[in-house]
Amino acid sequence: MWGRFGSLVPIGAQTTQISQQRGMATLKAISIRLKSVKNIQKITQSMKMVSAAKYNRAERELKQTRPIGAGASQFYEKAEVAAPTDVPQRLYIAMSSDRGLCGAIHTSVARLIRNELLKDDKNIKVVCVGDKSRALLGRTFGQNIIFAANEIGRLPPTFLDASLLADAVIASGYKFGSGEIVYNRFKSVVSYSTQTLPVFSLSTVQSAPKLSIYDSLDDEVIQSYIEFSLASLIYYALKEGACSEQSSRMTAMDNASKNATEVIDKLTLAFNRTRQAVITRELIEIISGASAL
Amino acid sequence: MSAWRAAGLNYINYSNIAAKILRQALKTDVRAEAAKRDSTTVKITKWVDGKPIKNVE
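Cut-offs used in this document
- Every chain is numbered independently, its residues counted from 1 as its sequence is written.
- Lettering for chains starts from A, numbering for ligands starts from 1, and both go in the order in which the items are written.
- Whole-chain, interface and lining totals are the exception, using all residues; otherwise, since this is a predicted model, local features are given only for residues with pLDDT of at least 70 and side-chain atom pairs are given and counted only at 80 or more.
- Only hydrogens and water are set aside; all other atoms, that is, all heavy atoms of the structure, feed into the side-chain values.
- UniProt positions are given in the numbering used here, feature names are shortened, and annotations may be inferred rather than shown by experiment.
- The criterion for strand pairing is that DSSP finds at least two bridges linking the strands in question.
- Secondary structure is summarised from DSSP: a helix means a run of H or I of at least four residues, a strand means a run of E of at least two, and numbering begins at the N terminus for each.
- In what follows, a contact means two residues having at least one pair of non-hydrogen atoms within 4.5 Å.
- Fitted lines through C-alpha atoms give the axes, limited to the stretch in contact for helices. The angle between two N-to-C directions lies from 0 to 180 degrees.
- The span expected for a helix works out to 1.5 Å for each residue beyond the first.
- Each residue's exposure class comes from its accessible area (1.4 Å probe, protein chains only) as a fraction of the maximum for that residue type: buried when under 20%, exposed when over 50%, partly exposed otherwise.
- Patch membership requires over 30% relative accessible area and the absence of a salt bridge. Like charges are linked within 9 Å, and nonpolar side chains (Val, Leu, Ile, Met, Phe, Trp, Tyr) within 5 Å.
- Per-residue accessibility takes into account occlusion by the displayed protein chains alone, with areas from the Shrake-Rupley method and a 1.4 Å probe.
- Think of a salt bridge as a Lys or Arg side-chain nitrogen and an Asp or Glu carboxyl oxygen that are within 4 Å of each other.
- Each of two parts loses accessible area, computed with a 1.4 Å probe, when they are put together; buried area is these two losses added.
- Pairs of N or O atoms within 3.5 Å make up the polar contacts considered here, provided that, within protein, one atom can donate a hydrogen while the other can accept it, and that residues adjacent in sequence are counted only when both atoms are side-chain atoms.
- The nonpolar class holds Ala, Val, Leu, Ile, Met, Phe, Trp, Tyr, Cys and Pro. Asp, Glu, Lys and Arg form the charged class, and all remaining residues, Gly among them, are polar.
- Predictor confidence is given residue by residue as pLDDT, running from a minimum of 0 to a maximum of 100.
- Note on terminology: angles under 35 degrees are roughly parallel, angles over 145 are roughly antiparallel, angles of 65 to 115 are roughly perpendicular, and the others are oblique.

Word for word, the UniProt comment on chain B under Sequence similarities (unreviewed entry) is "Belongs to the eukaryotic ATPase epsilon family."

If you check an unreviewed UniProt entry, chain A appears there as ATP synthase subunit gamma from Cryptolaemus montrouzieri. Annotation of chain A in UniProt includes, under Subunit (unreviewed entry), the sentence "F-type ATPases have 2 components, CF(1) - the catalytic core - and CF(0) - the membrane proton channel. CF(1) and CF(0) have multiple subunits." Check the Subcellular location (unreviewed entry) section of the UniProt entry for chain A; it says "Mitochondrion inner membrane".

Put into structure tokens, the structure is as follows:
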């Protein structure tokens, strides 16, 4: 932290003060740095406040959304839908958002997908939700991206957002056997974990071994349900992601404010010490000047 | 095949249209709250051969 702010000192100020002790910046330089760090702290503190408010809302909404996600994924579990071996194509949906400064939220999602892509980049297509995952994956794996969505994370996600995404996945015409939604599951204010939700295509579900436990299913019901459950799962993942993001940003900004306090303390100390040194030097100059008369 | 699917809609479009109509039919005191859920900001950009394609719309 200390070293990072060292570069803010203007070079001119250092060269003119060669006579001074090494490492002792001028009073002016220190006060400029002090001011800038204080401003940074103000910014991080207010960002923390904003994300705390957003987090409260996101958590409240997440509680309401959890049953939707659980319900949608229960179907795949109960029917024992498994990824088909004859269709190797897979789909990964990266749930991130447009905004940074929130810890490793976006990188951990991107890392999980990157690891899969490094194993096999022929049969995997990626959908990037949010600018951050697109920026992280776009450069190296641009070939694998079907579409990217942005303008996410400014407002709390709505079901309409999820519907648009699910619709775009279906409309893209990409024939995948199985897929995964990669998102950050919110655990508590201080922790989240990157997890995946399975999604499957119509043909995969139709060939599931235990589908018969569900009564009166015809193809159209299954197709409608698959479409709807994709939207529900995306909606749930968006909510989890939004909540994790806000809580993570809160923690990150809290840490940033703490670090800024530390830097301010050190700078204040250095400032006072330098000021004292200047006063002492001036006194010595006056006294020795007076005694020379 | 149901009429809406024959018209080229999938279940997501169909249920969203139904939800929209339902929201409009609500009483005024709850309609404003429900209308907040009736918005989306998401923009989708297609990628072909590793490059994003500009949306015409």
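Right, let's get into the sheet that holds strand 2 (residues 51–52) of chain B. What the seven strands build is an open sheet, ordered 5(A)-4(A)-1(A)-2(A)-3(A)-1(B)-2(B); its pairing is mixed. Of all strands in the sheet, those bounded by a partner on one side alone are strand 5 (191–200) of chain A together with strand 2 of chain B. In this sheet, strand 2 of chain B lies alongside strand 1 (residues 43–48) of chain B in antiparallel orientation, the contact comprising two bridges. Of the residues in strand 2 of chain B, the one forming a bridge with Val48 of chain B is Lys51 of chain B. Docked against the sheet, helix 5 (residues 131–141) of chain A engages strand 1 (90–95), strand 2 (124–129) and strand 3 (145–150) of chain A together with strand 1 of chain B, running at close to 155° with respect to strand 3 of chain A.

We now examine helix 4 (residues 105–119) of chain A. Residues and elements named next belong to chain A. Here helix 4 spans 22 Å end to end across 15 residues, near enough to the 21 Å set by a 1.5 Å rise per residue. All of the buried residues along helix 4 are Ile105, His106, Ser108, Val109, Ala110, Ile113, Glu116 and Leu117. Each element contacted by the buried residues of helix 4 is listed here: strand 1, strand 2, helix 5, strand 4 (178–188), strand 5 and helix 8 (219–292).

This part is about a nonpolar patch on the surface. Together, Ile213, Tyr214, Leu217 and Val221 of chain A make up a nonpolar patch on the protein surface, roughly 310 Å² of accessible area in all. Along the chain, Ile213 of chain A turns up in the loop between helix 7 (202–206) and helix 8.

Every contact between the two is made by 24 residues of chain B and, on the other side, 31 residues of chain A. Three residues stand out in chain B for area buried against chain A, namely Ile12, Val42 and Trp47 of chain B, and they jointly supply 28% of the buried area on that side. Where chain B touches chain A, the interface holds two salt bridges. We note a salt bridge from Glu227 of chain A to Arg5 of chain B, for which the minimum N-O separation is 3.2 Å. Our count for the contact surface shared by chain B and chain A stands at 14 residue pairs in polar contact (both at pLDDT 80 or more). When residues of the side of chain B that touches chain A are traced back to their parent elements, those giving at least two are helix 1 (3–6), helix 2 (11–24) and strand 1 of chain B. Taken together, the residues that form the side of chain B that touches chain A break down as seven nonpolar, ten polar and seven charged. Relative to strand 1 of chain B, strand 3 of chain A runs antiparallel, the two sharing four bridges. Each bridged residue has a counterpart across the sheet, and for Asn150 of chain A the counterpart in strand 1 of chain B is Lys43 of chain B.

Okay, the confidence of the model for chain B next. When pLDDT is averaged along chain B, the result is 86; 93% of the residues meet or exceed 70. Reported confidence for the predicted complex is 0.89 by ipTM and 0.86 by pTM.

Following both chains from N to C, one finds helix 8 of chain A and helix 2 of chain B inclined at 70°, their axes separated by 8 Å at the closest point. Overall, the two elements helix 8 of chain A and helix 2 of chain B adopt an arrangement that is roughly perpendicular. For the pair helix 8 of chain A and helix 2 of chain B, contact is made by Ser224, Glu227, Phe228 and Ala231 of chain A and by Tyr11, Ile12 and Ser15 of chain B, respectively. Class assignment for the residues of the contact of helix 8 of chain A with helix 2 of chain B results in four nonpolar, two polar and one charged.

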